[in-house]
Amino acid sequence: MPSTRSVPVTLAEIARIAGVGRAAVSNWRRRHDTFPARIGGTDASPQFSLAEIERWLRENDKLKEIGGRELLWPGFEALGSRDETGLAIAEAGRRMLGGQAPASAAPLSEQAGELVDEAVALGRREGAREVFEFLLQRWLDAHVRQVSASPRPLADLMAEVALAAHPSPAGDGGATVLDPACGAGHLLDAAARAETDAGAARVTLLGCDSDPALAALAAARLAFVTEEAGATGKTGKAGKAGAGGVRVTADVREGDSLRADPHERATADVVLCNPPFNERDWGYEELSTDRRWVHGLPPRTESELAWVQHALARLRPGGAAVLLLPPAVASRRAGRRIRGALLRAGLLRAVIALPPGCAQPHSVSLHLWLLRAPEGAGPAEDNGVLLADAAASRRAAASREGGVDWDALGGFVRTAVRAYDSGAAELPDCARRMAVIELLDDEVDLTPGRHVSPAPGGDELDLESAWSGFGEALAGLRAAGRALSALEPAGDGGGAQPRTTVGDLARAGALTLRGGQQPPDGTVRGGEAGEDGLPLLTVPDLLQGGGPTGWLHTSDVSDRGMLVARPGDVVVAGVIRAFAAWVHQGPPTVLGAQLYALRVDPEKMDPWFLAGCLRAPSNGRQAGTHASSASRVDVRRLQVLQLPLAEQSRYSEVFRRLTEFEEYRGRLDELASRLSRDISDGLAAGRLSAGS
């Protein structure tokens, strides 16, 4: 039956519902008089009634198979409250499996209840797991800034590392896995797959999260895991073994694991955790005498070390814990005593630095800490500590179109951990086994990059390739320099060339000027842009000397009318400390606040000529609104030489040469730094000979 909900939807959402492109929806709107009238928004970004759109799509046979799930989401999103939406999705998942909400659960609103009924009905038609996972993923995408989820490849890698440190028992043995800050259950889901694939007879999943919505979603998600695995003979519901004789149970509760752990009496063979980072209000005062702090009271600023000791307190003898932590935990001075105590007790076995982009925050090289509880009452065996720097390994840190190469990263981590566990003398590149005594200095700095050479293998130096690139960059710099050196002073009349401003050119129709905007909270994603995404360039990206670090869904871009730079547009950064102007030549890119796009009329202006005039440092200074380095640039006041189009072309060629000169200079500087670093490392380590 068509939905009766009065929910506004955009053209992009209608396109997703119908399984077509947005252009097709715009075409329907023009061609069909019966297409529903807009109920809100603007002419550029109209909104329509979901009920009317659904009715029209059905009547015109334009509702594809994807429509059922896509029709659900706008209603959930319209609930407004993040928590209510999450709890409604969790309730839908429970009811799809025949369960009911716990007695303590807050009642849902009438609107949310109707959505749950629709989701359950759709789940019966299209598959309960598929509908639930779709709604869960859309919820996570909508609240990406408030909810930090472990990507599936990273969750699988963490589970695999833990399993290597604590193999599943053979025969009738079972494994218990705990995540004390489980979020939506990504790590426990990965653990269930890893343990059952490894042959565990029983798997018990224990989770906890202080966020009610996340705890409810994790419980519903793991209920699907146990139900589906039981149906395929791998796992079964609590108390029921699957056809394969393997049983999985899940117990996820709401609560603060540090202050009032609902699993306080439980112990686990494996603990996996991606805890909250940099929390000050983690319970420092009320937990000052807690018995978990065997290795020292964590300082107020070291909440991560509280989670580390909590994980150790829940481990059974011989158990293993893998935690994802920010890199500062390995080096902050406030935590050096606890780090030292963990080393002396033989509990900390490995610190692995991951490449940036593996998880939020995506710009940081996060660390994996592997801890192992001793088998008996005595101290753990001193097998040294594995320090591995995947961020420095050229193989492991290689990217695929700007993203993480999970195959290469997983291979590096697996090889390093296995070699360490087997006691092998040789470890892969960028990995090192260090004696505990070597790390127990005044700082107890466990940052892998401080102790591991970025290129321990002679073949990894690849000096021949570096020198070849250096020679090419040097030749290009010389060629561009020769062309620029032919320029001569313009003579006495050079300073009297007429100028105009960007504002005047816009009024004359020679160009159009548009400014970027700050994306709404929750719309920016990290990592590699998907097929339906566009990269987002911001002023902070420029200040850090790189390209876009985030991306937006195309629907978010179109719905909000955000500025997209196309090839040939002139982009200007309107902040003095990042002031620049260039001709955009890459893929379509969304521009953030204080970035501007100038699109020229090709019959009146050359874009390279325009960018060359605008980028002059003196131009930015004279158009600045203040004297400070943080001041903005009034782009309309930027000056441009007034020249005929034919003469602009001559200037354009010189500006292109100047751009090449700057690019070659930057590449040469990068290669020179790399060569200097690699040669210095090679000589100091004896991997390069100084000659006879």
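Being a predicted model, the structure only gives us computed values, none of them experimental.

1. Concerning the overall build of the protein
Across its full length, the protein holds 23 helices and 25 strands. Of all intrachain contacts in the protein linking residues separated by at least 6 positions in sequence, the fraction that spans at least 24 positions is 72%. Summing over all exposed atoms, the protein offers an accessible surface of approximately 31,800 Å²; the carbon and sulfur share of this is 49%.

2. Brief notes about the nonpolar core
Of all hydrophobic cores here, the largest spans 89 residues; its most connected members are Leu-272, Val-308, Leu-323, Trp-369 and Leu-446. For this core, the element with the most residues is helix H8 (residues 152-165), which contributes 9 residues. When residues no more than four places from it in sequence are discounted, the contact partners of Leu-323 are Met-158, Cys-273, Trp-307, Val-308, Ala-311, His-367, Leu-368, Trp-369 and Leu-371. Judged by nonpolar contacts, the second largest core, of 30 residues, contains Ile-89, Phe-132, Phe-134 and Val-147.

3. Considering the state of the cysteines
Here the structure, examined in full by the defined rule, presents 0 disulfides. Cysteine Cys-273 remains unbridged, with the sulfur of Cys-182 as its closest cysteine sulfur at 9.2 Å. Looking at Cys-273, the relative accessible area reads 1%, which means it is buried.

4. Here we look at the sheet that holds strand S11 (residues 385-389)
Ordered in space as S6-S5-S4-S7-S8-S10-S9-S11-S14, the 9 strands form an open sheet in which the pairing is mixed. Bordering the open sheet on either side are strand S6 (247-254) and strand S14 (431-434), each of which pairs with just one other strand. Each neighbouring strand pair of the sheet contributes to a mean axis angle of 15°, computed without reference to strand direction. In this sheet, strand S10 (residues 367-372) lies alongside strand S8 (residues 315-325) in antiparallel orientation, the contact comprising 6 bridges. Looking across to S10, one finds that Leu-325 is bridged to His-367. Across the face of the sheet, helix H9 (residues 186-197) comes into contact with strand S4 (174-179), strand S5 (202-209), S6 and strand S7 (268-273) while running at roughly 165° to S4. Along the sheet, helix H11 (residues 303-314) contacts S4, S7, S8 and S10; its crossing angle with S8, the most-contacted strand, is approximately 155°.

5. Description of the sheet that holds strand S3 (residues 46-49)
Within a sheet, neighbouring strands are paired by backbone hydrogen bonds and run either parallel or antiparallel to one another. The sheet built from 3 strands is open, its strands ordered S1-S3-S2 with antiparallel pairing. At either margin of the open sheet sits one strand with a lone partner, and together these are strand S1 (8-10) and strand S2 (40-41). Relative to S3, S1 is paired through 3 bridges, and the arrangement is antiparallel. Note that in S3 the partner of Pro-8 across the bridge is Ser-49. Most of the contacts of helix H3 (residues 50-59) go to S3, to which it runs at about 75°, and overall it touches S1 and S3.

6. Re unusual backbone geometry
Omega for the bond connecting Gln-360 with Pro-361 falls within 30 degrees of zero, at -10°, which places this linkage in the cis form. Positive phi is not limited to glycine here, since Cys-430 has a value of about 65°. In this fold, Cys-430 is placed in the loop between helix H13 (406-422) and S14. You can call Cys-430 buried: its relative accessible area is 0%. One non-glycine residue, Gln-594, lies in the positive phi region at around 65°. Along the chain, the position of Gln-594 falls in the loop between strand S23 (589-591) and strand S24 (595-600).

7. Quick notes on the packing of helix H21 (residues 607-614) against helix H23 (residues 645-684)
For the pair H21 and H23, interaxial distance at closest approach is 8 Å and the crossing angle is 65°. Of the two elements, H21 crosses H23, and the hand of that crossing is left-handed. Judged by residue contacts, Trp-608, Phe-609, Gly-612 and Cys-613 of H21 engage Gln-648, Tyr-651, Ser-652, Phe-655, Arg-656 and Thr-659 from H23. Its residues assigned to classes, the contact of H21 with H23 comprises 5 nonpolar, 4 polar and 1 charged.

8. A few points about the pairing of S5
The element S5 is extensively covered by neighbouring structure, given that 6 of its 8 residues are classed as buried. Inspection of the sheet shows S4 paired to S5 by 6 bridges, in the parallel sense. Looking at the pairing, Asp-179 lines up with Gly-207 of S5. For the handedness criterion, the β-α-β arrangement of S4, H9 and S5 is classed as right-handed. In the sheet, S5 pairs with S6 via 8 bridges, with the strands oriented parallel. Residue pairing across strands places Leu-206 opposite Asp-251, the latter belonging to S6.

9. A few points about H13
Between the first and last C-alpha of H13 there are 24 Å, a value that for 17 residues agrees with the 24 Å anticipated at 1.5 Å per step. Turning to H13, its buried residues number three or more, namely Leu-409, Gly-410, Phe-412, Val-413, Ala-416, Val-417, Ala-419 and Tyr-420. Phi turns positive one or two residues past the end of H13, at Gly-423, with a value near 75°.

10. Some thoughts on the packing of helix H17 (residues 463-485) against H23
One can describe the packing of H17 onto H23 by two numbers: an axis separation of 8 Å at closest approach and a directional angle of 150°. Taken as axis vectors, H17 and H23 run roughly antiparallel relative to one another. For the pair H17 and H23, the sense of crossing is left-handed. Across the contact of H17 with H23, the residue classes tally to 20 nonpolar, 3 polar and 6 charged.

11. A short note on the packing of aromatic side chains
Scanning the model with the defined rule gives 8 aromatic pairs in all. On the basis of an interplanar angle of 70° and a centroid distance of 5.0 Å, the ring pair of Phe-35 and Trp-56 is categorised as edge-to-face. You can see Phe-35 sitting in the loop between helix H2 (22-31) and S2 and its partner Trp-56 sitting in helix H3, a full 21 residues away along the chain. Taking the relative accessible area as the measure of exposure, Phe-35 reaches 7% and is therefore buried. On the basis of an interplanar angle of 25° and a centroid distance of 5.0 Å, the ring pair of Phe-132 and Phe-224 is categorised as stacked. Here Phe-132, found in helix H7 (residues 128-142), pairs with Phe-224, found in helix H10 (residues 212-231); they are 92 residues apart in sequence, far enough to count as distant. By the burial criterion, Phe-132 is buried, and Phe-224 matches it. The structure contains a cluster of three or more aromatic residues connected by ring pairs, namely Trp-28, Phe-35, Phe-48 and Trp-56.

12. Let's talk about the environment of Leu-347
Note that Leu-347 resides in the loop between helix H12 (336-344) and strand S9 (348-353). Its relative accessible area of 7% is what places Leu-347 among the buried residues. With 35 residues separating them in the primary sequence, Leu-347 and Leu-312 have C-alpha atoms 8.5 Å apart. Every residue in contact with Leu-347, bar those within four places of it in the chain, is listed here: His-295, Leu-312, Leu-342, Leu-370, Leu-371, Arg-372, Ala-373 and Pro-374.

13. Digging into the side chain of Ser-303
You can see Ser-303 is positioned in helix H11. Owing to a relative accessible area of 0%, Ser-303 belongs among the buried residues under this scheme. The residues contacting Ser-303, other than those within four sequence positions of it, are Pro-276, Asn-278, Glu-279 and Trp-282.

14. With respect to the pattern of salt bridges
One pass over the full model with this rule turns up 33 salt bridges. The salt bridge partner of Glu-160 is Arg-414, with a shortest N-O separation of 3.4 Å. Taken as a pair, Glu-160 in helix H8 and Arg-414 in helix H13 lie far apart in primary sequence, 254 residues in all. On the basis of relative accessibility, which here comes to 27%, the residue Arg-414 falls in the partly exposed class. When the shortest N-O distance is used, the salt bridge between Arg-450 and Asp-445 registers 3.2 Å. Judged by its relative accessible area of 45%, Arg-450 falls in the partly exposed class.

So, how was this worked out
- Residues numbered from 1 in each chain as written.
- Predicted model: local features only at pLDDT ≥ 70, side-chain atom pairs only at ≥ 80, totals over all residues.
- Heavy atoms only, no water.
- Helix = DSSP H or I, 4+ residues; strand = E, 2+ residues; numbered from the N terminus.
- Contact = heavy atoms within 4.5 Å.
- Areas by Shrake-Rupley, 256 points an atom, 1.4 Å probe, with all protein chains shown as cover.
- Core = buried A, V, L, I, M, F, W, Y, C linked by side-chain atoms within 4.5 Å.
- Buried < 20%, exposed > 50% of the residue type's maximum accessible area, 1.4 Å probe, protein only.
- Disulfide = S-S within 2.5 Å.
- Pairing = 2+ DSSP bridges.
- Axes fitted to C-alpha atoms, helices over the stretch in contact; angles between N-to-C directions.
- Left-handed = near helix turned anticlockwise from the far one by under 90°.
- Nonpolar A, V, L, I, M, F, W, Y, C, P; charged D, E, K, R; others polar.
- Right-handed = clockwise from strand over helix to strand, strands pointing away.
- Expected span 1.5 Å × (residues − 1).
- Parallel < 35°, antiparallel > 145°, perpendicular 65-115°, else oblique.
- Phe/Tyr/Trp six-rings, centres within 6.5 Å; stacked < 30°, edge-to-face > 60°.
- Salt bridge = Lys/Arg side-chain N within 4 Å of Asp/Glu carboxyl O.

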